[in-house]
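# Tertiary structure, described
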Amino acid sequence: MSDAAAMLGRAAGDISPRRRRVRWDLVLLLAPLALLTGIFFDVPLLNTALWSVSDPATGALTGAHFQEFAQSAAYTRIIWRTLVMALEVTLLTALLGYPLAYWTSRLRPRLQAVVLAFIVMTFWVSILVRTYAWIVILGNGGLVNRTLQALGLTTRPVEFLYNELGILIGMTNVLLPFLVLPLYAAMVRIDRRLLQVAQTLGAGPTRIFWQIFFPLTLPTLAASAIFVFILSLGFYITPAVLGGGRVPLVANMMDLLVNRFARWEMAAVVSVVLMAVTLSLYSVYQWLRERGA
């Protein structure tokens with residue numbers, strides 16, 4: 001036993017320096033990335049958090065800004081509108097994205113590649129260009145209104161733009177791929193033998209879908225929906241263009257606080273509140289993503 005212990009000790013002594021050397025190599029490799037991340041991401045976040053609790057005149061720490069935020073009905077109303085809008089976008093994206101992902105996963109491999117190519121191509125077009133394209137489609141003289149009037153369904157243009165409906169359509173269009181692609185990946189990984197076994201046991205297509213297929217994809221659907229919700233909270237271009245300034249959300253409010261009213265401390269408070277909500281949702285997203293893995 002003593003000889004075996006000595007051999008194990010020598011082996012451990014031979015391995016541990018190598019492990020320490022590899023560990024230091026990794027530290028040296030990751031140090032520049034960690035430094036850049038700290039300078040360009042962490043320092044601005046910490047600076048924003050410091051502004052939210054600092055008096056701009058004296059520099060002393062204060063909680064007056066958060067108190068003003070909590071007592072102001074305008075801030076609360078805009079935060080609430082942003083949360084509601086993000087929830088509506090998430091629900092609409094899920095209602096459209098799940099059937100699209102399911103339909104894509106049932107196609108032949110070549111057709112799947114074509115459909116996925118069209119979905120991925122949306123990332124190649126600027127969000128600003130895609131947003132302005134909706135003005136051409138949904139405007140008073142746009143394609144949709146002219147079609148409705150030509151069919152005799154309406155006698156005057158329908159107001160699709162410069163309201164919450166226009167923002168909802170534009171944001172859903174931008175965020176739809178972020179839900180479809182993860183769902184498609186989860187669906188194609190499902191073992192088809194499970195569905196075949198259920199079919200041989202007498203289960204119909206509807207029962208197979210709701211009792212087997214849908215529960216297996218539910219964690220991915222929930223995680224993707226939370227991810228879409230997080231992205232919806234910080235949208236700026238689409239609400240600004242399609243809302244026409246009539247539907248202010250959090251990002252638009254922060255733009256006014258910084259560029260028009262020079263209330264940097266209140267913009268920092270809004271940022272901290274939004275970051276706290278985002279981090280909470282992101283933790284839930286990570287938990288759901290790990291369950292669906």
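Scoring rules and cut-offs
Residues numbered from 1 in each chain as written. Predicted model: local features only at pLDDT ≥ 70, side-chain atom pairs only at ≥ 80, totals over all residues. Heavy atoms only, no water. Salt bridge = Lys/Arg side-chain N within 4 Å of Asp/Glu carboxyl O. Buried < 20%, exposed > 50% of the residue type's maximum accessible area, 1.4 Å probe, protein only. 1 Å grid on protein atoms, 1.4 Å probe; cavity = no way out; pocket = protein on both sides within 12 Å on 5 of 7 lines; lining within 4 Å. Points joined across faces, edges and corners; volume = space filled by probe spheres on them. Helix = DSSP H or I, 4+ residues; strand = E, 2+ residues; numbered from the N terminus. Nonpolar A, V, L, I, M, F, W, Y, C, P; charged D, E, K, R; others polar. pLDDT = per-residue confidence, 0-100. Contact = heavy atoms within 4.5 Å. Phe/Tyr/Trp six-rings, centres within 6.5 Å; stacked < 30°, edge-to-face > 60°.

A few words now on the pattern of salt bridges. A complete count under the given rule lists 3 salt bridges for this structure. Between Arg193 and Asp191 there is a salt bridge; the shortest N-O distance is 2.8 Å. Put simply, Arg263 and Glu265 hold a salt bridge, and the shortest N to O gap is 2.7 Å. Under the relative-accessibility criterion, Glu265 is labelled buried at 12%. When salt bridges that share partners are traced, they join Glu68, Arg263 and Glu265 into one network.

The calculated volume of the largest pocket comes to roughly 280 Å³. Around the largest pocket, the lining is made up of 13 residues, and of these Tyr102, Arg106, Leu195, Pro205 and Ile208 lie nearest the centre. If you tally residues by element for the lining of the largest pocket, the top one is helix H9 (residues 205-233), at 5 residues. Among the residues forming the lining of the largest pocket, the class breakdown is 7 nonpolar, 4 polar and 2 charged.

Looking now at the confidence of the model for the protein. When pLDDT is averaged across the protein, the result is 84; 91% of the residues are at 70 or more. Every residue in residues 15-21 scores below 50 in pLDDT, and together they form 1 contact with partners more than four places removed in sequence or on other chains.

Attention shifts here to the environment of Leu100. Residue position: Leu100 is located in helix H3 (residues 73-105). Between the alpha carbons of Leu100 and Leu179 there is a distance of 10.0 Å; along the sequence they are 79 residues apart.

Right, let's get into the packing of aromatic side chains. Under the definition given, this model contains 12 aromatic pairs. Residues Phe69 and Tyr75 carry aromatic rings whose centres are separated by 5.8 Å and whose planes lie at 25° to one another, so their mutual orientation is stacked. A single burial state applies to Phe69 and to Tyr75, both of which are buried. With a centroid separation of 5.0 Å and an interplanar angle of 85°, the aromatic rings of Phe209 and Trp210 are classed as edge-to-face. Assessed through its relative accessible area of 17%, Phe209 is described here as buried. Assessed through its relative accessible area of 52%, Trp210 is described here as exposed. Cluster of aromatic residues (ring-pair linked, three or more members): Tyr98, Tyr102, Phe209, Trp210, Phe213 and Phe214.

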